[in-house]
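Inside the fold
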Amino acid sequence: MSDRKLKVLAISGSVRSDSVNTALLETLKNVSSDNFIVEIYEHLAELPIFNQDLEGENIPDFVAELGRSVSEADAVLISTPEYNGAIPGGLKNLLDWGSRPWGKGAFSGKPVAVIGASPSEYGASRAVAMTYTILEAMSATVINRKLTVGNAPDRVAVGGEIIDEMVAKSLSDVLEGLEIAVENLTPVSQ
Ligand SMILES: Cc1cc2nc3c(=O)[nH]c(=O)nc-3n(C[C@H](O)[C@H](O)[C@H](O)COP(=O)(O)O)c2cc1C
C-alpha cells in the first residue's frame, strides 16, 4: 500500500440521534489506523425525494454535495438499519440519487462496503443483503466483507467507544477489505 491516506465516506442509513448504525460508524475512529481518514456523512435528511425533474441543471445543492463527497472519497462504507425487513427509505433515496446519471453516478466503480446493526439477533442482515444488491445494480465495486451486528445496543456505543472487541475486529476487517479494493483499482504507477 502507498503512503497515501485512504478517504472513507461513512454513510449511516439512520438519522436518529441514538442510532446504533451511526454509533457503529463512529466506532471506526477507534479501530482505524492512521492510514484512514473517515468522514461521516451528515445530510441524509436534507436530500429531497428523488425526482428526475430535478436532474441536470436543476440539481439540488445537497444532491450535488453528495455527488462530490462520494467522488472525492476513495471508498464508501454504508451502515444500514433494517425497517420492515428492508432498507430504510432515506438510504434508498440517497442511493437512487447516487446512481444518476445512469452508468455515470458517483457510486459507479466506487469501492463500497455494507454493514448493518439492529437490536434483533439478526443484525439487519436482510437490509444489508438488499443494500448490497442495489449497489451491484449501480455498478459499485461492492466488497465481500459484510458485517451484521445483532443485539446492537449492547455492542456499540453512541460516540464510538469500543465495547465489543468482536465488533471492533470485524470493522477492521471491513476497512482492510476496502483498502484492498482501492489498491486493486489504483494503477501500479501511482
Ligand atoms: C419502521 C421500523 C421498522 C423496523 N423493522 C425492523 C426489522 O424489520 N428488522 C429489525 O431487525 N429491526 C427493525 N426495526 C427496529 C430497528 O432495527 C431499530 O429501531 C434500530 O435501532 C434502527 O436503527 P438505528 O438505531 O440505527 O436508528 C424497525 C424499526 C422501525 C422504526
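See the structure printed just above.
These remarks concern the structure in this document. No experiment lies behind these values; they were computed from the predicted model shown. (Residues numbered from 1 in each chain as written. Predicted model: local features only at pLDDT ≥ 70, side-chain atom pairs only at ≥ 80, totals over all residues. Heavy atoms only, no water.)

**Some words on the packing of aromatic side chains**
- What the rule picks out here adds up to one aromatic pair.
- Summarising the aromatic geometry, the rings of F50 and W97 are spaced 4.7 Å apart at their centres and angled 70 degrees between planes, so their arrangement reads as edge-to-face. Taken as a pair, F50 in the loop between β2 (36-40) and α3 (61-72) and W97 in helix α4 (residues 89-98) lie far apart in primary sequence, 47 residues in all.
- On the accessibility criterion, W97 (4% relative accessible area) is buried.
- Between the NZ or CZ atom of K146 and the centre of the ring of Y132, over which it lies, the distance is 4.4 Å. (Phe/Tyr/Trp six-rings, centres within 6.5 Å; stacked < 30°, edge-to-face > 60°. Helix = DSSP H or I, 4+ residues; strand = E, 2+ residues; numbered from the N terminus. Buried < 20%, exposed > 50% of the residue type's maximum accessible area, 1.4 Å probe, protein only. Lys NZ or Arg CZ within 6 Å of the ring centre and 35° of its normal.)

**Topic: the pattern of salt bridges**
- Per the counting criterion, the structure on display carries seven salt bridges.
- The residue E82 makes a salt bridge to R126 at a minimum N-O spacing of 2.8 Å. Pair noted here: E82 is in the loop between β3 (75-80) and α4 and R126 is in helix α5 (residues 125-137), with a separation of 44 residues, a long-range link.
- The class of R126 is exposed, set by a relative accessible area of 51%.
- A salt bridge links D164 to R155, with the shortest nitrogen-to-oxygen separation between them at 2.8 Å. (Salt bridge = Lys/Arg side-chain N within 4 Å of Asp/Glu carboxyl O.)

**Here's the deal with the site of the ligand**
- Taken together, 14 residues are adjacent to the ligand, and S14, R16, S19, G85 and S118 come closest.
- Note that an oxygen atom of the ligand is positioned 2.7 Å from one of the side-chain N or O atoms of S118.
- One of the side-chain N or O atoms of S120 is found 3.3 Å from an oxygen atom in the ligand.
- Contact with the protein chains covers 70% of the free accessible surface of the ligand, which is 620 Å². (Near = heavy atom within 4 Å. Polar contact = N/O pair within 3.5 Å; in protein donor to acceptor, adjacent residues only side chain to side chain. Areas by Shrake-Rupley, 256 points an atom, 1.4 Å probe, with all protein chains shown as cover.)

**Side note on empty space enclosed by the protein**
- Within the structure shown, the criterion is met by one cavity of 30 Å³ or more.
- Taken as a whole, the largest cavity holds about 50 Å³ of empty space.
- Lining the largest cavity are G98, S99, W102, G103, K104, G105, S108, A137, M138 and S139.
- A per-class count over the lining of the largest cavity returns three nonpolar, six polar and one charged. (1 Å grid on protein atoms, 1.4 Å probe; cavity = no way out; pocket = protein on both sides within 12 Å on 5 of 7 lines; lining within 4 Å. Points joined across faces, edges and corners; volume = space filled by probe spheres on them. Nonpolar A, V, L, I, M, F, W, Y, C, P; charged D, E, K, R; others polar.)

**Observations regarding the environment of K29**
- Here K29 shows up in helix α2 (residues 28-31).
- Note: C-alpha distance between K29 and G160 (131 residues apart in sequence) is 7.4 Å.

Purely geometric numbers; function is a separate question.
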